[in-house]
Amino acid sequence: MPLTKIADFGVSRLSILDENGKADEKLLPKLTNPQFLDLFTWMTLLRIFDDKALKLQRQGRIGTYASSLGQEACTVGSAFALKPQDWTFPTFREHGMFFVRGTPIVKVLQYWGGDERGSQSTSDVNCFPVSIPVGSQPLHAVGCAMAMQLKKKDAIAVGYFGDGGTSEGDTLEAMNFAGVFQAPVILICQNNQYAISEPRSLQTRAQTIAQKAIAFGFEGIQVDGNDVLAVYKATLDAAEKARAGKGPTLLEFFTYRMGDHTTADDSTRYRTKEELEMWRKKDPILRLRMYLMAQGILFPQMEEKIIAECVALVEKGVSDYENMPAPQPSDMFDYLYKEMPPALAEQKRNFLSFLSTQKNNAQPNKTEGPGFP
Amino acid sequence: MKANMVQALNNALALELESNPNLVVLGEDVGIDGGVFRVTDGLQTKFGKNRVIDTPLAESAIIGTSIGMAAFGLNPVAEVQFSGFLYPGFDQLISHAARIRNRSRGRFSCPLTVRSPYGGGIKAPEHHSESMEALFIHTPGLKVVVPSNPTDAKGLLTSAMRDPDPVVFFEPLRVYRAFREEVPDEQYTIPLGQAKVTQQGNDLTLISWGSMFRTSMEAVQQIAENEKYSIEMIDLRTLSPIDWPTIHSSIQKTGRCVVVQEAPLTLGLASEIMARVMEKNFLHLKAPVQRVTGFDTIMPLYKLENYYLPNAERVKEAIRKAMAF
Ligand SMILES: Cc1ncc(C[n+]2csc(CCOP(=O)(O)OP(=O)(O)O)c2C)c(N)n1
């Protein structure tokens, strides 16, 4: 018997706005002018925030920070396509998603400032807290989607991860569960080409990340991650599909991390200026700006106003953060269990009484050594 | 050479890569980046991509493939970027690395070293600051090492890399660049399983390891300003197997003991030390053994981490309590 081909697969790529701000009219998502401007404003806010956060880190006012410079379209466009009842499961690089979904700026600063209250997001914002262990949270998203499915809720879940994250077994297991149970979930890979120093080619031999979905029996699409309209449309389509009970989708947002991995990283060790320059031309904000200007939706005066408003919002966030009273040392005991076991309560009491014997409750240790990478 | 712990470890790796052709270093960002703390800096350039391997981001795969390599003639030195990220590889470590010799009745072995930065004190995000050594000490078949200074780090890592069994080598983050000292240029080993009595004394035995050794030393120096206690200090260095004879003979001399660990209280290594000390030296003891530990809570984010970490004040308090009993 000769070999017979029993299956045939392809992977498509969605791109709507090109680098020069020219849109493919047939693919344009239906957005009102204020919505177009919202997308522009959120991305602008995120960029201003990232820039400010880097400065705060350098001045020692927050800790290690992971910038999302260059990836604004991914988090803003995807979050913009969701409904408030949907749930998102972020990594540490989804500040844009947090903002769009309604998390106050001060919370994000608190989190990066080493204050747990930053993760205590307001109860009307459906975001799980940041998950630092790479590849761990797609499973939570799938589980959440299964819960929504079983409880017949009109909500879907979105799990974010990076290109590095696709190498973790947990991420692949999440895809498998999503496929097997036809969970109403969108798995979003922000393929920013690097996992710290390692280029995407070190993570997988596969030509695309999108195609990984095929092995698990559902659709994977590559999307121009620097094109906020494509990101928005792909997420909206996947969300509609999930809501209609048609199962999961893997979206590979093909983008680029313009900054260092975090403030403790030095990306000049592993990538070239030329590469950076090549990607700078693909800037996601620039191309939306060109499109909106050409359409007459945005004009210079309005842009100035938007920028000024974003700067003011970020500055307000910073001052809220810095005026926040320090977290109480006792906080570290209080959220471990619903009811504190007696032995832990005793540890807490002993600790607080020890602290009260210390000179003006000063932090008892000095920090030394290197910062965190 | 003058070296901090990062440089001493780098030197140990370089010398062993040179002298043992079967040694391979693998992990996330260990190649061109030289590791996020630069412990493997320059090694890939010098020894090539076949010996110093940047792997995909997958701890289970790093440890799991290391087990296969180790069983078939290589000496893998796997880096797990932070000890908080050992858990995806934990199954491979406890279900296989620790067991393959026993399971195969000695036919296969696992000469594997897993290096991982651990401990708090550097203002890192969540999962980057815990001290979970007890999980590994509790696992039969693993050895566990924690150096407290550059010189020991080099000698202990060299021993770990030559050990016939799997060794988990924890590198205290807070000590990495805290100080430099004169470290011998040549290759040398410090045997695993040997604690170091760093200071002789007659009144009390103070036991610690890793970054807490430095905190303990600080406490001893401070307390010496006013109180005339004669304190014997033990730096455990290897946490599994433990050097019990050194501990017991010290306690039989001093009759008092304080154990300092950064890890949570419950079932930390201090618990085991207290139990053994009591079993062996009951009639020698002049006071209940005291311990200074982290709390049974999650290591907090950095604004509170210094409240969590044991400090010299807490160590002094424990010493005074033991002395005053
Ligand atoms: C399980 C685990 N291993 C290692 C790390 C350390 N680490 C933090 S981010 C990172 C790279 C992540 O790359 P990617 O998934 O592509 O996301 P990106 O940082 O590029 O957004 C690594 C290795 C971690 N946080 N979790």
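Residues numbered from 1 in each chain as written. Chains lettered and ligands numbered in written order. Predicted model: local features only at pLDDT ≥ 70, side-chain atom pairs only at ≥ 80, totals over all residues. Heavy atoms only, no water.

### Remarks on empty space enclosed by the protein
All names here are of chain A.
Move 1: The tally for this structure, following the rule as stated, stands at seven cavities of 30 Å³ or more.
Move 2: Looking at the largest cavity, its volume works out to about 610 Å³.
Move 3: When residues of the lining of the largest cavity are traced back to their parent elements, those giving at least two are β3 (157-162) and β5 (194-195).
Move 4: For the lining of the largest cavity, the class distribution of residues is 18 nonpolar, 16 polar and nine charged.
Move 5: In this structure, the second largest cavity encloses a volume near 130 Å³.
Move 6: Taken together, 18 residues line the second largest cavity, and the ones lying closest to its centre are Phe98, Val108, Tyr111, Gly118 and Val130.
Move 7: Put simply, the parts of the chain that give the lining of the second largest cavity at least two residues each are α3 (95-100) and α4 (105-112).
Move 8: Here the residues of the lining of the second largest cavity sort into nine nonpolar, six polar and three charged. (1 Å grid on protein atoms, 1.4 Å probe; cavity = no way out; pocket = protein on both sides within 12 Å on 5 of 7 lines; lining within 4 Å. Points joined across faces, edges and corners; volume = space filled by probe spheres on them. Helix = DSSP H or I, 4+ residues; strand = E, 2+ residues; numbered from the N terminus. Nonpolar A, V, L, I, M, F, W, Y, C, P; charged D, E, K, R; others polar.)

### Thoughts on the confidence of the model for chain B
Move 1: Taken as a whole, chain B shows an average pLDDT of 97; of its residues, 100% reach a score of 70 or greater.
Move 2: Of the two predicted TM-score estimates for the complex, the pTM is 0.96 and the ipTM is 0.96. (pLDDT = per-residue confidence, 0-100.)

### Points about the sheet that holds strand β7 (residues 167-172) of chain B
Residues and elements named next belong to chain B.
Move 1: Taken together, seven strands build an open sheet; the order of strands is β3-β2-β4-β5-β7-β6-β12 and the sheet is mixed. The open sheet is flanked by β3 (52-54) and β12 (238-240), the only strands paired with a single partner. Averaged over all pairs of adjacent strands, the angle between strand axes in this sheet comes to 20°, irrespective of strand direction.
Move 2: In this sheet, β12 lies alongside strand β6 (residues 143-145) in antiparallel orientation, the contact comprising two bridges. Following the sheet pairing, Val145 is matched in β12 by Thr238. (Pairing = 2+ DSSP bridges. Axes fitted to C-alpha atoms, helices over the stretch in contact; angles between N-to-C directions.)

### A few points about the interface of chain B and chain A
Move 1: Contacts between the two partners involve 55 residues from chain B, matched on the other side by 53 residues from chain A.
Move 2: Summed over the three residues of chain B that lose the most area to chain A, namely Leu57(B), Lys303(B) and Tyr307(B), the buried surface amounts to 17% of that side.
Move 3: If you look at where chain B meets chain A, you find two salt bridges.
Move 4: A salt bridge links Asp33(B) to Arg269(A), with the nearest nitrogen and oxygen atoms 3.6 Å apart. (Contact = heavy atoms within 4.5 Å. Buried area = accessible area lost by both parts, 1.4 Å probe. Salt bridge = Lys/Arg side-chain N within 4 Å of Asp/Glu carboxyl O.)

### Overview of the pairing of strand β4 (residues 75-79) of chain B
Residues and elements named next belong to chain B.
Move 1: By the criterion of burial, β4 is predominantly enclosed, with five of the five residues buried.
Move 2: Side chains Asn75, Val77 and Glu79 project from β4 onto one buried face, and the interleaved Pro76 and Ala78 project onto a second face that is buried too.
Move 3: Note: strand β2 (residues 23-27) against β4, five bridges, orientation parallel. Residue Val24 lies in a different strand from β4, and its bridge partner there is Pro76.
Move 4: In the sheet, β4 pairs with strand β5 (residues 113-118) via three bridges, with the strands oriented parallel. Residue pairing for β5: Val77 is matched across the bridge by Thr113. (Buried < 20%, exposed > 50% of the residue type's maximum accessible area, 1.4 Å probe, protein only.)

### Some words on the pairing of β2(B)
Residues and elements named next belong to chain B.
Move 1: Within β2, five of the five residues are buried, which leaves it mostly tucked inside the rest of the structure.
Move 2: Here β2 shows no split at all, with Leu23, Val25 and Gly27 on one side and Val24 and Leu26 on the other all buried.
Move 3: Inspection of the sheet shows β2 paired to β3 by three bridges, in the parallel sense. Opposite Val25, over in β3, you have Val52 as the bridge partner.

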